[in-house]
Amino acid sequence: MLPASIPSPDPVWSQFSLGPLTIHTYALCLLAGIVAAAWITDRRLRARGAAPGIAVDIAMWAVPIGIVGARIYHVLTHLDDFTGPGVDAWAWVRIWEGGNALFGSLLGGAVGVWIGCRMSGLRFWSFADALAPGLLVAQAIGRLGNYVNQELFGVPTTLPWGLEIRSDAPMFPAGTPEGTLFHPLFLYEMIWNLIGVAVLLLIERRVVRRNEALLADGGSPGAGLRWGRLFGLYLIWYGLGRSWLESIRIDPTSDAPLGVPANIWTSGVAILLGIAIVVVQGRRHPEPELSVYVPGREPEDEDAEGETAGDAKKAEAEKVDAKKVDAESTATKAEAKSTTTKAEAEPADADASPVDPAGSK
């Protein structure tokens, strides 16, 4: 047996008990990926003017619907595993045993994102662009669960980084000698996805700098990688990676229309869809994206509201002071007028009389 640079994981790591609960490591990997994607997306949206935490609100819709979509896609592309005599019907829903297709999660998650964006007033394509790098990070983290579950590996290899698969693993190819090493496709995809994060962010930064230079020179900046273009590049990048990985993958129960595995067909569709998004959105929206919100759905500015309320109170106080001053002025004038009237009504002083009483006869 050749020494494996990537040894087979101990089965004890696939799950552990926490009181009456059984925690699956595969689920923890997926959860960690979701948290990472939500955090990255929220930071990117806030930098574009969105309210803090809006990515989490949308994830509450996208994640559960994405999980359902992932399971449905897996079942439809592996019908032989879930149909026929003696098949347990509950196997359709036992997602903790593995079998969650990423392409299905993209389809289901897109539906959830659309619903969440409608509820929050956010533009769907703005969220998709902010999500693209975080989605690749999440997929890279989630692939660690494939390693623990002993799945997503390729054809046999003699390379020094070959992956050892336990002979009792469900996906171990029948008739293959024990100790055979396989291509670690989970690792290949992790590396491909992380490189994709760097590529997308690099392209995005260069486009932003170019637009800033145009604006500084008095020119008109373009749309950049907004309006869904960055997400289109994500689909192209991921589709290219999955197409060649699936070509060397061992997945004996996967349906293969015309002899081509279903995931390769879907990868081709993802590439074409990504190209279509970049081209069509480029023609529909050549202008810059000024806001991530649908017009009229922008959140109210609490600071502005506070300033407005403060100004109103100040103005009201000034009005009260003005009325008070006017009242005091009116009272002063009335008092002065009263004094003058009283002085006029009093008799003249005797000393000031023109007739002298002592000299009169």
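The residue numbering used here restarts from 1 in each chain and proceeds along that chain's sequence as written. Local features in this predicted model are restricted to residues whose pLDDT is 70 or higher, and side-chain atom pairs enter the listing and the counts only when it is 80 or higher, whereas totals over whole chains, interfaces and linings include all residues. Calculation of side-chain values draws on the structure's entire complement of heavy atoms; hydrogens and water are dropped beforehand.

What follows covers the side chain of asparagine 193. Put simply, DSSP marks the helices as runs of H or I at least four residues long and the strands as runs of E at least two long, and each gets a number from the N terminus on. Relative to the assigned elements, asparagine 193 resides in helix α6 (residues 185-216). Summary of the burial criterion: residues with accessible area below 20% of their type's maximum are buried, those above 50% are exposed, and those between are partly exposed, where the area comes from a 1.4 Å probe applied to protein chains only. Judged by relative accessible area, which is 0%, asparagine 193 ranks as buried.

Below, the discussion takes up helix α7 (residues 229-246). Here, expected helix span is obtained from the residue count minus one, scaled by 1.5 Å. Its 18 residues place the ends of α7 26 Å apart at the C-alpha level, agreeing with the 26 Å of an ideal helix rising 1.5 Å per residue. In terms of burial, α7 is a largely internal element, 14 of the 18 residues being buried.

What follows covers the packing of aromatic side chains. Aromatic contacts are taken between Phe, Tyr and Trp rings whose centres are within 6.5 Å, Trp giving its six-membered ring; a plane angle under 30 degrees counts as stacked, one over 60 as edge-to-face, and the others as tilted. Enumeration according to the criterion identifies 11 aromatic pairs in this entry. Ring geometry for tyrosine 73 and phenylalanine 103: centres 6.5 Å apart, planes at 55°, overall tilted. Of this pair, tyrosine 73 sits in helix α2 (residues 54-77) while phenylalanine 103 sits in helix α4 (residues 102-120); the two residues are 30 residues apart in sequence, bridging distant segments of the chain. Exposure class is identical for tyrosine 73 and phenylalanine 103. Each is buried.

Structurally, valine 137 is set in helix α5 (residues 124-148). In this structure valine 137 comes out as buried when scored by relative accessible area, which is 17%. Sequence separation between valine 137 and valine 197 is 60 residues, and the spatial gap between their C-alpha atoms is 7.1 Å. We call two residues in contact whenever any of their non-hydrogen atoms come within 4.5 Å of each other. Residues contacting valine 137, with those up to four places away along its chain left out, are Ala36, Ile40 and Val197.

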